[in-house]
Amino acid sequence: MRRARRTAVTLSWIGLALTLSACAGQQPSRTVELATLNDSGVTGSAVLTDLGDGTTRVEVDVDPAGHPDMPAHIHPGTCSNLVPQPLYPLQNVVDGTSDTEVPAHLDDLFAGDLALNIHFSPQDFATYTACADLN
C-alpha cells in the first residue's frame, strides 16, 4: 500500500514538472481587436507576442474587405488622436495577414499612448481602415 502511494505521489510530481516545463516555453502574448474605420469593412485582430529578447512579434489577421495590400504601423497616440509619423512600421497586410518583429518589449508597447493602425493602400495613407489602441 505504501509503495503504491509513493508511486502515485512520484507520478503526480513528474506530471506537474512536465506541465510547468511546457508552460515555461510559452511566450506572453496579448490580442487586440481592430475597430473598423471609415466604413472600410476591415475587421480582425492582432496578436503581439513577447519573443523574450527585447523584440515583439506582431501578427495581424483581418478580413480585408476588398483591400489586398494595406500598410500597417504602430503609431504614437490613440486611434482617436493618432500621430501621423509611425513609431514602428509593420509588414503590409497582404491578403489579410501581416507578420513583423518590432524592436520593443511587449510591456513597452502596452504602456500606453500607442495604436496599431492599418491604412487603405500604399497610395492612400490618409484613409485609415482599422485601428486598435494598445493599452
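Here's what I pulled together on the structure shown here. Just so it is clear, the model here is predicted, and its values are computed rather than measured.

Structural notes on the overall build of the protein
Counting its secondary structure elements, the protein contains 2 helices and 9 strands. Sequence-ordered secondary structure for the protein, helices as α and strands as β, is α-β-β-β-β-β-β-β-α-β-β. Taken across its 135 residues, the protein has 36% of its residues classed as buried. Residue pairs in contact within the protein that sit at least 24 positions apart in sequence constitute 54% of those at least 6 positions apart. Accessible surface, the protein: about 8,000 Å² in total, of which carbon and sulfur atoms supply 53%.

A word on the state of the cysteines
Taken as a whole, this structure holds 1 disulfide when the rule is applied. A disulfide bridge connects Cys 79 with Cys 131, and the sulfur atoms are separated by 2.1 Å. The sign of the -90° torsion about the S-S bond sets the Cys 79-Cys 131 disulfide as left-handed. Placement of Cys 79 in the loop between β4 (69-78) and β5 (81-82) and of Cys 131 in strand β9 (residues 124-134) is noted, with a sequence separation of 52 residues between them.

Describing the pattern of salt bridges
Summed over the entire model, instances satisfying the criterion amount to 2 salt bridges. Between Glu 101 and Arg 57 there is a salt bridge, with its nearest N and O atoms 3.2 Å apart. One end of the pair, Glu 101, is in strand β7 (residues 97-102); the other, Arg 57, is in strand β3 (residues 56-63), and 44 residues separate them in sequence. According to the relative accessible area criterion, Glu 101 is partly exposed, its value standing at 46%. By relative accessible area, Arg 57 is classed as partly exposed at 26%.

Section: the side chain of His 119
Along the polypeptide, His 119 turns up in strand β8 (residues 114-121). A polar contact of 2.7 Å, which involves the side chain of His 119, links it to the backbone oxygen of Phe 125. Discounting chain neighbours no more than four positions away, the residues touching His 119 are Met 70, Pro 71, His 73, His 75, Asp 124, Phe 125, Thr 127, Tyr 128 and Thr 129.

Observations concerning unusual backbone geometry
If you check the backbone angles, Asp 39 has positive phi at about 50° while not being a glycine. Looking at the element boundaries, Asp 39 is found in the loop between β1 (29-36) and β2 (43-50). Backbone geometry at Asp 95 places phi at a positive 50°, although glycine is not the residue there. Counting through the fold element by element, Asp 95 comes out in the loop between β6 (88-94) and β7.

Considerations on the pairing of β1
In the sheet, β1 pairs with β2 via 6 bridges, with the strands oriented antiparallel. Paired with Glu 33 across the strands is Ser 45, a residue of β2. Pairing of β1 with β9, which is carried by 2 bridges, proceeds in the antiparallel orientation. By the bridge assignment for β9, Ala 35 is matched with Cys 131.

Details of the packing of aromatic side chains
Scanning the entire structure with this criterion turns up 0 aromatic pairs. If you follow Arg 30 out to its NZ or CZ, it ends over the ring of Phe 110, 4.0 Å from the centre.

The rules behind the values
- Residues numbered from 1 in each chain as written.
- Predicted model: local features only at pLDDT ≥ 70, side-chain atom pairs only at ≥ 80, totals over all residues.
- Heavy atoms only, no water.
- Helix = DSSP H or I, 4+ residues; strand = E, 2+ residues; numbered from the N terminus.
- Buried < 20%, exposed > 50% of the residue type's maximum accessible area, 1.4 Å probe, protein only.
- Contact = heavy atoms within 4.5 Å.
- Areas by Shrake-Rupley, 256 points an atom, 1.4 Å probe, with all protein chains shown as cover.
- Disulfide = S-S within 2.5 Å.
- Salt bridge = Lys/Arg side-chain N within 4 Å of Asp/Glu carboxyl O.
- Polar contact = N/O pair within 3.5 Å; in protein donor to acceptor, adjacent residues only side chain to side chain.
- Pairing = 2+ DSSP bridges.
- Phe/Tyr/Trp six-rings, centres within 6.5 Å; stacked < 30°, edge-to-face > 60°.
- Lys NZ or Arg CZ within 6 Å of the ring centre and 35° of its normal.

Everything listed is a geometric property; what it means functionally is a separate question.
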